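# Reading the structure
Next come the chains, spelled out residue by residue.
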Amino acid sequence: MKRDAAGGVSGVEVRPVFVIEDGARAEVYIGDSRAVVPSIPECAAGTVDLIFADPPFNWNRAYDKWDDALPEEEYLAFTYAWLDVCVSALSPRGSMWVNIPDDWAAEIVVHLKKAGLHMVNWCIWHYRFGQNTQARFISSKVHALYFARGADRTWNPMEVLEVSDRRSIYFDPRTESKRDGTPAGMRLPMDVWYGRYWGRIQGNNKERMPDHDNQLPEVYLERVVRACSNPGDLVLDPFLGSGTTGVMAHALGRRFIGVEYSDKNAERAAARIGRGPIRRGEGPQSTAIFSARRAGPRARAGNGGAFSEDPESAQGVLPLAGYRVKRPLRARHRSGA
Ligand SMILES: C[S@@+](CC[C@H](N)C(=O)[O-])C[C@H]1O[C@@H](n2cnc3c(N)ncnc32)[C@H](O)[C@@H]1O
């Protein structure tokens, strides 16, 4: 192992420890991604189409092996080193996502811009069950930073549409006659992400993996993988954890490479990738936070009112998931989202 100029490590020969071959090939490597990623041939060749990175936040979490309480300077050096190896692995049309809390988002944005990546969105993953506190406002978000190698990137908006508020709340006919090719009543999600199945994966969640208290929801990775890669593309997660990225990439027919520091986590993640996702075929949903503005067949179909009693969807969001208008309203106005 040798150190590179950025303080990372490279030049290690590595082999995947777990390989899942039913469908698109998925590989799991064990080790420090700063050393492992540059040693994987596809990464060294810069052919990764999509990277999703959810690194340790340095919040003193009891990871199986990783020390999650580094001195700040050391954590930042670590961060810049893994960012750099990921940037080098990215293909010309590739995208890179980083899931990161307030503490480090700014440093990462600046670093990736300096590395020449182009910022597409600064999304927020919003959840309702943050840690209670009296000393400051309760944290209820993580940043989902979306960068691309260049302006020409893989982007599949039609894969990730959701039901428009104009349909589910306001019955606005403009949304039923879009002129930009978007199907009636649908729109792209906004850049704040929440809703049914979007909560933190707590103990009573069907998705929950043992011994992993910072697992991301499947719907989050489904959105990222669908929007930013095509079947057959190569997806990399340098911090595999419980394997959520691998599960969704593999289920959606993408080739996958995951790197995980803990051999125990890696083994469990590989098994999870082989089993596949828990959530299937949920379909486009509404993320409306207000009930329908008037009564009527559509309002009744959309439940317009009480909070959901489903503990897994208890996001404080009205239960409009899966709500669809059967007969679109006649178009009277110009199209709108
Ligand atoms: C925040 S968790 C990832 C959670 C994952 N997104 C999921 O949904 O389960 C971070 C993971 O990175 C692993 N890790 C920490 N440092 C690492 C490193 N230098 N190289 C590879 N993996 C590392 C930890 O063991 C932990 O499992």
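Look up a bit, the structure's there.
In this report, the structure presented in the accompanying data block is examined. (Residues numbered from 1 in each chain as written. Predicted model: local features only at pLDDT ≥ 70, side-chain atom pairs only at ≥ 80, totals over all residues.)

### Overview of the pairing of strand β5 (residues 48-53)
Along β5, six of the six residues are buried, which leaves the element largely enclosed by surrounding structure. With five bridges joining them, β5 and strand β6 (residues 90-100) adopt parallel strand pairing. Its bridge partner being in β6, Leu50 is matched across the sheet by Ser95. Since β5 and β6 lie parallel, the crossover through helix α3 (residues 72-89) that links them has a hand, and here it is right-handed. Note that β5 and strand β12 (residues 234-237) share two bridges and pair parallel. Residue pairing for β12: Leu50 is matched across the bridge by Val235. (Buried ≥ 20, exposed ≤ 12 C-beta atoms within 10 Å, placed from the backbone. Helix = DSSP H or I, 4+ residues; strand = E, 2+ residues; numbered from the N terminus. Pairing = 2+ DSSP bridges. Right-handed = clockwise from strand over helix to strand, strands pointing away.)

### Concerning the environment of Phe290
The residue Phe290 is located in the loop between α8 (263-275) and α9 (297-301) in this model. Sequence separation between Phe290 and Asp165 is 125 residues, and the spatial gap between their C-alpha atoms is 8.9 Å.

### Observations regarding the site of the ligand
Lining the immediate surroundings of the ligand are 20 residues, of which Asp54, Phe239, Gly241, Ser242 and Thr244 lie closest. Looking at the shell around the ligand residue by residue, the class counts come to seven nonpolar, nine polar and four charged. (Near = placed C-beta within 6 Å. Nonpolar A, V, L, I, M, F, W, Y, C, P; charged D, E, K, R; others polar.)

### Let's talk about the sheet that holds strand β13 (residues 255-260)
Strand order in the open sheet made by the nine strands is β3-β4-β13-β12-β5-β6-β8-β7-β11, with mixed pairing throughout. In the strand order of this sheet, the two ends are held by β3 (18-20) and β11 (192-193), each with one partner. Here strand β4 (residues 26-30) runs beside β13; their pairing, made up of five bridges, is parallel. Bridge assignment links Val28 to a residue of β13, and that residue is Gly258. Sitting on the sheet, helix α4 (residues 102-114) touches β6, β7 (118-126) and β8 (141-148), and the angle it makes with β8 is about 0°. (Contact = placed C-beta atoms within 7 Å. Axes fitted to C-alpha atoms, helices over the stretch in contact; angles between N-to-C directions.)

### So, the nonpolar core
Soluble globular proteins tend to pack their nonpolar side chains together in the buried interior. Residues Ile51, Cys86, Ala89, Trp97 and Val225 are the most contacted members of the largest nonpolar core, which totals 64 residues. Apart from residues no more than four positions distant in its own chain, Val225 is found in contact with Leu50, Val235, Met248, Ala249, Leu252 and Arg254. (Core = buried A, V, L, I, M, F, W, Y, C linked by C-beta atoms within 7 Å.)

### Some thoughts on the packing of helix α7 (residues 244-251) against α8
Axis separation between α7 and α8 bottoms out at 8 Å; the angle between their running directions is 25°. By the criterion of interaxial angle, the relationship of α7 to α8 is roughly parallel. The hand of the α7/α8 crossing is right-handed. Counted together, Gly246, Val247 and His250 of α7 and Ala269, Arg272 and Ile273 of α8 form the full contact between these two elements. Across the contact of α7 with α8, the residue classes break down as three nonpolar, two polar and one charged. (Parallel < 35°, antiparallel > 145°, perpendicular 65-115°, else oblique. Left-handed = near helix turned anticlockwise from the far one by under 90°.)

Note that every value here comes from positions in space, so none of it alone points to a role or purpose.
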